[in-house]
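# Working through the structure, step by step
The lines below spell out each chain.
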Amino acid sequence: MQRTTSIHGRWSHRWVFILAAMGSSVGLGNIWKFPYITGENGGGTFVLIYLLCVFLIGLPLMMAEVLIGRRGRLSPVNAIALCARETSVSPRWQLLGGLGMLTGFLIFSFYSVVAAWILHYIPAMAKGVLAGAGIQQTSRYFEALLVSPERLILGHSAFVWVVMTVLALGVRRGLDRAVRIMMPALFFLLLLLLIYAANTGYFKHALVYLFHFDLAKVTPQSVLVAMGHAFFTLSLGMGAIMMYSAYMGRRDSIGRSVLWIGLLDTLIALMIGLAIFPIVFASQLDPASGPGLVFITLPVAFAQMPAGQVLGFVFFILVGLTALTSAISLMEPVTAWTVERFKVMRWQAALIWGVLAWLLGLAVLVSFETMSSLRFFSRNLFDWLNYFTSNLFLPLGGLGLAIFVGWKLSRRVTESELHLQQTWLYLAWYFAIRYLVPAALGIIFVANLYNII
Ligand code: TRP
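Now for a quick tour of the structure.

## Side note on the side chain of Arg-250
- By secondary structure assignment, the location of Arg-250 is in the loop between helix H10 (240-245) and helix H11 (254-282).
- With relative accessibility at 18%, the residue Arg-250 sits in the buried group.
- In terms of polar contacts, Arg-250 uses its side chain to reach the side chain of Glu-417, at 2.7 Å.

Right under this line is the structure:
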């Protein structure tokens, strides 16, 4: 029953799987979300809670995704169906794969709009368009950009085109090569920023902000935030990691790979915090400015720093790279599934979905301009897509997967596929996937649902 390779291909090395999964998980969530929620929720105490959530909830769920993906060696829909058949449970569970593909496609369509903003800022930074600007100017600049689709359409198209090309080239020549080039580049740029930040004289402030202990700020709400973020930042719930696991080596250790991915994702999130906050503090800005951090607050800092032009340029290339590697993983499941289902060539599948995503992205772009007419409940298309996918579809998908793997799949399958060295480790995982993960995701889902109504 155990396939050694997928019909789609295979990673060239054990580490490429880890790099690819990191590429998926390191995204905008790491850049703007992790640093500021950490600051808002008690610094070091929050980091500890978050780490606990990564280990108790995130990694067990990731192991579940990896084991299905590697066992099935196909897109989530068919990998789930295969595992279901192996244990004689209803193949209907493959609907989870379908939900995941839809979620990935929808996230991608607004991700590329964010990418278009980033692509706009790269040359803007290099040219010093915002040199000397204050917070009013940068907000106005960003707001004006939002409602000018004509200035963004090129970036949006270019982004979709690059992702489409990587997907069309396939696992070995496309995805494998892309992450092997982009992930080291990302790491290198991050290191450059970190070195700069360490020399601003505000490095200690950032350390204190991120690592001081403040138990008073820990509330049930902040635990909920930590749980949600541990889950979101690891790209779980939609089958991206499952898909990448289909290309993994037969004998590679799932436990060890997953541990590396969790540790490295957290390390990068902390490094980004340590790179960004000294720059923010050096310009006396507010670090807790949320989504505006990347496009409004940081540009002010860059506008006022020595060598800020170069710094801003490097920073936005870094952000762009993280968006790109995440975006590839959003579209790979649906591409691979189309190849399996309709027996088309890979480039054809990539082209179809690329064009569809481009069109939906276009609608998102325009939805900012026609905000007044298209807004309902004061949210536009972008907000709705973001809200439904991140807050409802992803937790729902994760919840379904945990129930499927923990309660439906036979222990024989999970035990042999995980192949953990110690029995107690397996039992700990089994407990987590049966009780902890469903409980956590159930709470997250209900809380988000409650927030919406
Ligand atoms: N993990 C990404 C981040 O931290 C966001 C994300 C969530 C994602 N689910 C995903 C990216 C699925 C790619 C695929 O920003």
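## Section: the nonpolar core
- Membership of the largest hydrophobic core comes to 161 residues, with the highest contact counts inside it found for Ile-68, Trp-117, Phe-315, Phe-316, Phe-404 and Trp-429.
- Apart from the residues lying within four places of it in its own chain, the contact partners of Trp-117 are Phe-142, Leu-145, Leu-146, Leu-152, Phe-295, Phe-368 and Phe-382.

## Thoughts on the packing of helix H2 (residues 28-40) against helix H9 (residues 220-233)
- Where H2 contacts H9, the axes come no closer than 12 Å and their chain directions differ by 165°. On the basis of the axis angle, H2 is roughly antiparallel to H9. Like other packed secondary-structure pairs, H2 and H9 cross with a definite hand, here left-handed. Only Val-225, His-229, Phe-232 and Thr-233 of H9 make contact with H2, whose side of the interface consists of Gly-29, Asn-30, Lys-33, Phe-34 and Ile-37.
- Residues belonging to the contact of H2 with H9 are distributed by class as follows: four nonpolar, four polar and one charged.

## Side note on the site of the ligand
- Taken together, 15 residues lie around the ligand, and Ser-25, Gly-29, Asn-30, Phe-232 and Ser-235 are the ones closest in.
- Interatomic distance of 3.1 Å between a backbone N/O atom of Leu-28 and an oxygen atom of the ligand.
- The contact in question runs from a nitrogen atom of the ligand to an N or O atom on the backbone of Phe-232, over 3.1 Å.
- Considered on its own, the ligand offers 360 Å² of accessible surface; in the complex 99% of this is hidden by protein.
- If you list the elements that add at least two residues to the shell around the ligand, you get helix H1 (14-25), H2, H9 and helix H13 (308-342).
- When the residues that make up the shell around the ligand are grouped by side-chain class, the tally is six nonpolar, nine polar and no charged.

## Quick look at the pattern of salt bridges
- Following the criterion strictly, the structure yields six salt bridges and no others.
- With its nearest N and O atoms 2.9 Å apart, the salt bridge here joins Glu-417 to Arg-70. Here the residue Glu-417 occupies a position in helix H17 (residues 411-418), and Arg-70 occupies one in helix H3 (residues 44-72), the gap between them amounting to 347 residues.
- Residues joined by salt bridges that share partners form a network here, namely Arg-70, Arg-71, Glu-86, Arg-250 and Glu-417.

## What about unusual backbone geometry?
- We note that Gln-284 has phi near 55°; this positive angle belongs to a residue other than glycine.
- As for its placement among the helices and strands, Gln-284 is situated in the loop between H11 and helix H12 (292-304).
- The class of Gln-284 is exposed, set by a relative accessible area of 63%.

## Points about a nonpolar patch on the surface
- A cluster of nonpolar residues, Leu-52, Phe-55, Leu-56, Leu-259, Leu-263, Ile-403, Trp-407, Phe-431, Tyr-435 and Leu-436, forms a patch on the protein surface that exposes about 890 Å² of accessible area.
- Elements supplying a minimum of two residues to the nonpolar patch: H3, H11, helix H16 (381-408) and helix H18 (423-452).
- Of note, Phe-55 is situated in helix H3.
- Under the relative-accessibility criterion, Phe-55 is labelled partly exposed at 36%.

Calculation criteria
- Residues numbered from 1 in each chain as written.
- Predicted model: local features only at pLDDT ≥ 70, side-chain atom pairs only at ≥ 80, totals over all residues.
- Heavy atoms only, no water.
- Helix = DSSP H or I, 4+ residues; strand = E, 2+ residues; numbered from the N terminus.
- Buried < 20%, exposed > 50% of the residue type's maximum accessible area, 1.4 Å probe, protein only.
- Polar contact = N/O pair within 3.5 Å; in protein donor to acceptor, adjacent residues only side chain to side chain.
- Core = buried A, V, L, I, M, F, W, Y, C linked by side-chain atoms within 4.5 Å.
- Contact = heavy atoms within 4.5 Å.
- Axes fitted to C-alpha atoms, helices over the stretch in contact; angles between N-to-C directions.
- Parallel < 35°, antiparallel > 145°, perpendicular 65-115°, else oblique.
- Left-handed = near helix turned anticlockwise from the far one by under 90°.
- Nonpolar A, V, L, I, M, F, W, Y, C, P; charged D, E, K, R; others polar.
- Near = heavy atom within 4 Å.
- Areas by Shrake-Rupley, 256 points an atom, 1.4 Å probe, with all protein chains shown as cover.
- Salt bridge = Lys/Arg side-chain N within 4 Å of Asp/Glu carboxyl O.
- Patch = residues over 30% accessible without salt bridge, like charges linked within 9 Å, V, L, I, M, F, W, Y side chains within 5 Å.

Just geometry here; none of it tells us what the structure is for.
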